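As a plain string of letters, each chain reads:
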Amino acid sequence: MGGRGRWWGVAHDGWRRSTWSPIDDWLGNLAVCSLALVPGTPPTIYAGTGEGFFNGDALAGEGIFKSVDGGVTFTQLAATASFTHVNRIAVHPTNPAILLAAVRNAGIYRSTNAGVSWSLVRSVSNSLQVAFDPNDGNRCVGDVYDGSLHRVVYSTNAGASWTNAATGLIGQSGISGRIELAYARSTANMVYASCGTGGGLIWRSTDGGVNWTQRTASGGGSGAAWYYNALWVDPFDANFLVTGAYHCYKSTNGGSTLTRISNGYINDNGPHPDVHGFVADPGYNGTTNNKVWVVTDGGVYLTNNVKTASTTSGWTRRDNRYRASQFYGAAGHGATGRINGGTQDNGSLTLQNNATSAQLTYGGDGGYAAIDWVNPNYIYGEYVYAEMHRSTNGGSSASTIDAGIGDSGSGSTANFIAPFILDPNDPARLLVGGASLWRTSNARAGTVAWSAIKGAVGANISAIAVAPGNANVIWVGHNDGRVYQTANGLAAAPTWSAVDANGAPNPLPNRFVERIVIDPANANRVWVALGGFSPDNLWLTTNGGTSFVDRTGSGVTGLPNAPIHGLCLHPVLAGRVYAGTEVGMFASEDDGLSWSTANEGPADTSVEEVVFMHGTTRLLVATHGRGLWTIDVREPTVTTLGAGCSGTAGVPALTATPPAIGTTVTATITSIPANAFCFLIVGFDITSWNGNPLPMALDPLGMTGCVGRVRPDLTIGQLAVGGQFATSFALPAAPNTVGSAFWAQGLVVDAGANPGGATVSNALVLTIGH
């Protein structure tokens, strides 16, 4: 699971498990960071998009979406379309028309008409939290951050105007000073704060947020900071609160002391590290119902009794089928079906063939992935900053192999998610990008030896490519847009030349190089994909880098103005290019001149990796928020099987349009009498019919020289028009049918053709594709 939310609904089977299903993948933005609910039948739900807590992989949003049917459908509130990071939404406790929104890069917004229009009521660089007093809708509190200091602000007129706190939380320094706020419903004017400054100390105000006193002694905090910081106060006991950081903590004395109550890790029953929120069960009463839900970087968890939950018991995981993992990279092995991928804060995970859940290969953050296609027990992954690891047992476990990579372990000499690849010509040769380019020629060795084959240039390496068929040809891209290539990459000290030096030469925009792909059929054809929300993020050279052409397309058939994180070419079909962008997956059938706007797979989510599983035409897509996806990418084909038999107008000929999923197939029979009655016979088998083997000679029926080749499972009959029979039928948009085949043959009533009065056409084999 990842740190950001997604549009999901849940159905409960008692409290034994929860089954989740996506509500809508096509809203235009799935980076849901905040939710607010207005009770009713049905309830109204507001969903704020965009991650505004400064994580490096944060996705921008598109405002606030609203549902008036209990979450079945959502519509964007047009006035919020420019709200790129909606951190919190608050609803007035007695007047649901009044809303507040804490928005990054803006401040606090207010609506008095249920979201139709908004006004900026506290302008500041960022607002990370806002809340109404559940007992008094005139009172509100918020956390604002001006780029250097966090402080609490309060309102006494339902958010129409705001005042800085007078004492206490008046200036917590730095981004880590984030302040999370929660009212104590059972005590008027009492509100608590968990403050990142000091490591998750608890503060309290008894006058509605005007003045604050520190409750937790220095050194006794939860560890909460800028990224993980959550707080909940028991609505029936103002002294009982739960706060979240890396783990969950509780206090029974108003925050004076904190006791840790969780110890979960990846794939555990206890809450995963990095806690982001608490939600009490609607029936919570503090006595007979003490259920509280916890949301984390690793999913959703439940305790049936928050009062007694501990580091060893009292928790269950509740995210069955909640497929919202945030992958950075993935790789697949065709013969075994094994898939490995690196995730945000959920480690490097391995899926064995046909498995429905993954096993943890290596913990922490994951990143890129690679599988040795000769010996798929060797799987390569990374922790952050080029800290490489390797599994030798098919993903059951892994150990580090980065000793000797001088750049690993430091953000100044390697990207947080650093690029690495297996040489497509030799699965024992591994290349890793830091400030320099590092290589080992025996990645399977007990002790892996590394050497730098390209020096640092002042910007870290962000993309690597080796030419299939020629391991000497290597390209690398850098964070600042520089691109280099070598033609003697196997040398101990290769010679590098600048394709783009951000000066002379400078054929490409100076932006982050996301991917480089070298055409397996021609090493002079190289694709370069860039980051940034710009209109020219994909470029192609056909002359080894001397010149480039823009391949983003234009208009409705062009790529969106968004970063291209993943890129690959079809291994068999020329001209087929696949691009994973920050807003979804796109494909081209004409070498990037035009792109599809349809999307059958991961919908409106960021696609980080696009790769074909080795030795197959199965496309593997890793998304940053909707998990992993695969699909067989095959062209639909129509193949002739056998010949027809002569009639009065010649030999009937059957043709058909290619059977692509989600399209209409048209079958046509020609060379037939002008007004003949015809049948299209469709079958799903050509080996037998009614116990008789196929093909079957039809001479016993008087149809001399005719052969029946298709089992008649379906028939379509109608009169020919002008000597031609044509009929159409629709194929469902079902990706699981790709690669399946069915057969067709025509039967023509032709009294003068033979004693049987009928002829048949050739048969067709129709293989379903995309």
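Each remark here, short or long, concerns the structure printed above.
So, a few notes on the structure that sits alongside this text. What you see is a predicted model, and the numbers here were worked out from it, not measured in a lab.

Our focus in this paragraph is the packing of aromatic side chains. One pass over the full model with this rule turns up 14 aromatic pairs. Aromatic pair Y227 and Y228: ring centres 6.5 Å apart, planes at 65°, arrangement edge-to-face. Residue Y227 is classed as buried on the basis of its relative accessible area, which comes to 14%. Measuring from ring centre to ring centre gives 5.4 Å for W232 and Y284, while their planes differ by 85°; the resulting arrangement is edge-to-face. Taken as a pair, W232 in strand β20 (residues 230–233) and Y284 in the loop between β24 (275–280) and β25 (292–296) lie far apart in primary sequence, 52 residues in all. Since its relative accessible area comes to 9%, W232 is described here as buried. By way of ring pairs, the aromatic residues W226, Y227, Y228 and Y246 are connected into one cluster. Just above the ring of F240 sits the side chain of K307; from NZ or CZ to the centre is 5.2 Å. For K454, the ring lying beneath its charged end belongs to Y484, and the centroid distance is 4.3 Å.

This part is about the environment of P134. Of note, P134 is situated in the loop between β11 (126–133) and β12 (136–145). When the C-alpha positions of P134 and S186 are compared, they lie 9.5 Å apart, and in sequence the two are 52 residues distant. Setting aside its immediate chain neighbours within four residues, P134 contacts P93, Y183 and R185.

Glancing now at the pairing of strand β16 (residues 179–183). The buried fraction of β16 amounts to five of the five residues, a majority that puts the element mostly inside the structure. Where burial is concerned, the two faces of β16 agree: the one with I179, L181 and Y183 and the one with E180 and A182 are both buried. Relative to strand β17 (residues 191–195), β16 is paired through five bridges, and the arrangement is antiparallel. Paired with A182 across the bridge in β17 is Y192.

This paragraph deals with the environment of L764. By secondary structure assignment, the location of L764 is in strand β65 (residues 758–767). Taking the C-alpha atoms as reference points, L764 and A643, separated by 121 residues in sequence, lie 9.9 Å from one another. When neighbours within four sequence positions are excluded, L764 is seen to be in contact with V638, T639, T640, L641, L654, T655, A656, F742, W743 and A744.

Across the sheet, four strands lie side by side as β36-β37-β38-β39; this open sheet has antiparallel pairing. One side of each edge strand has no neighbouring strand; the edge strands of this open sheet are β36 (420–422) and β39 (451–454). Strand after strand, the sheet turns through a mean of 25° between neighbouring axes, direction not considered. Inspection of the sheet shows strand β37 (residues 430–433) paired to strand β38 (residues 437–440) by four bridges, in the antiparallel sense. For L430, the partnering residue across the bridge sits in β38 and is T440.

Moving on, we get to the state of the cysteines. All chains considered together, the criterion is met by one disulfide. The disulfide that involves C645 links it to C706, with 1.9 Å between the sulfurs. Taking the torsion about the S-S bond as the criterion, the C645 to C706 disulfide, at about 90°, is right-handed. One end of the pair, C645, is in the loop between β54 (637–641) and β55 (653–656); the other, C706, is in the loop between β60 (696–697) and β61 (707–708), with 61 residues separating them in the sequence. Here C645 matches C706 in class, with each residue buried. In this structure C140 is a free cysteine whose sulfur lies 20 Å from that of C33, the closest cysteine sulfur available. Note on C195: no disulfide assigned, nearest cysteine sulfur contributed by C33 at a separation of 19 Å.

Looking at the element boundaries, E609 is found in strand β51 (residues 607–612). For E609, a relative accessible area of 7% corresponds to the buried category. Apart from residues no more than four positions distant in its own chain, E609 is found in contact with Y328, G329, A330, R515, G566, L620, V621 and A622.

Across four bridges, β55 lies against strand β56 (residues 664–670) in antiparallel orientation. Each residue of the ladder has a partner; that of A653, found in β56, is T670. For β56 and strand β63 (residues 725–730), the ladder comprises six bridges, and the chain directions are antiparallel. Looking across to β63, one finds that A667 is bridged to T727.

What follows is about the sheet that holds strand β34 (residues 388–391). Paired through backbone hydrogen bonds, the strands of a sheet run either parallel or antiparallel to each other. Ordered in space as β32-β33-β34-β35, the four strands form an open sheet in which the pairing is antiparallel. Strand pairing shows two members of the sheet lacking a second neighbour, β32 (370–371) and β35 (399–400), which therefore form its edges. One ladder, built from two bridges, connects β34 with β35; its direction is antiparallel. Each bridged residue has a counterpart across the sheet, and for R390 the counterpart in β35 is S399.

Let us look at the side chain of S155. Position of S155 among the secondary structure elements: in strand β13 (residues 149–155). Given the relative accessible area of 1%, S155 is considered buried. At a separation of 2.9 Å, a polar atom in the side chain of S155 contacts the main-chain carbonyl oxygen of S161. Discounting residues that sit within four places of it in the chain, S155 has contacts with N138, R139, C140, A160, S161 and W162.

One pass over the full model with this rule turns up 17 salt bridges. Among the salt bridges present, the one from D319 reaches R317, with a minimum N-O distance of 2.9 Å. Owing to a relative accessible area of 8%, D319 belongs among the buried residues under this scheme. Across the pair D591 and R525 runs a salt bridge, and its minimum N-O distance is 2.7 Å. A residue pair is termed long-range when its members are at least 10 positions apart, and D591 in the loop between β50 (584–588) and β51 and R525 in the loop between β44 (513–518) and β45 (526–530) qualify at 66 residues. The class for D591 is buried, based on a relative accessible area of 17%. Counted as one network, the salt bridges with shared partners bring together R88, R178 and E180.

What follows concerns the nonpolar core. The nonpolar side chains of a soluble globular protein tend to be buried with one another. L654, I669, I672, C678, L680, F725 and F742 are the most contacted members of the largest nonpolar core, which totals 21 residues. Elements with a contribution of two residues or more to this core: β56, β57 (677–683), β63, β64 (741–749) and β65. When neighbours within four sequence positions are excluded, L654 is seen to be in contact with A667, T668, I669, L680, A744, Q745, G746, S761, N762 and L764. Y380, I405, A414 and L430 belong to the second largest nonpolar core, which has 20 residues in total.

Glancing now at a nonpolar patch on the surface. Where nonpolar side chains cluster on the molecular surface, the patch consists of F677, L719 and V749 and spans about 250 Å² of accessible area. When you line up the elements, F677 lands in strand β57. A residue is classified by how much of its surface remains accessible, and F677, at 33% relative accessible area, is partly exposed.

Take unusual backbone geometry next. Excluding glycine, most residues fall at negative phi; most peptide bonds, likewise, are trans. Going from T41 to P42, the amide bond is cis rather than trans, its omega being -5°. You can see P42 is positioned in the loop between β3 (32–38) and β4 (44–49). Phi angles above zero are rare outside glycine, and R321 is one such case at about 65°. Within the secondary structure, R321 is located in the loop between β27 (316–317) and β28 (327–332). Among the residues examined, R321 registers a relative accessible area of 45% and is labelled partly exposed. Non-glycine residue S671 carries a positive phi angle of around 60°.

The rules we used
Residues numbered from 1 in each chain as written. Predicted model: local features only at pLDDT ≥ 70, side-chain atom pairs only at ≥ 80, totals over all residues. Heavy atoms only, no water. Phe/Tyr/Trp six-rings, centres within 6.5 Å; stacked < 30°, edge-to-face > 60°. Buried < 20%, exposed > 50% of the residue type's maximum accessible area, 1.4 Å probe, protein only. Helix = DSSP H or I, 4+ residues; strand = E, 2+ residues; numbered from the N terminus. Lys NZ or Arg CZ within 6 Å of the ring centre and 35° of its normal. Contact = heavy atoms within 4.5 Å. Pairing = 2+ DSSP bridges. Axes fitted to C-alpha atoms, helices over the stretch in contact; angles between N-to-C directions. Disulfide = S-S within 2.5 Å. Polar contact = N/O pair within 3.5 Å; in protein donor to acceptor, adjacent residues only side chain to side chain. Salt bridge = Lys/Arg side-chain N within 4 Å of Asp/Glu carboxyl O. Core = buried A, V, L, I, M, F, W, Y, C linked by side-chain atoms within 4.5 Å. Patch = residues over 30% accessible without salt bridge, like charges linked within 9 Å, V, L, I, M, F, W, Y side chains within 5 Å. Areas by Shrake-Rupley, 256 points an atom, 1.4 Å probe, with all protein chains shown as cover.

Function cannot be read off these values alone, since they describe shape.
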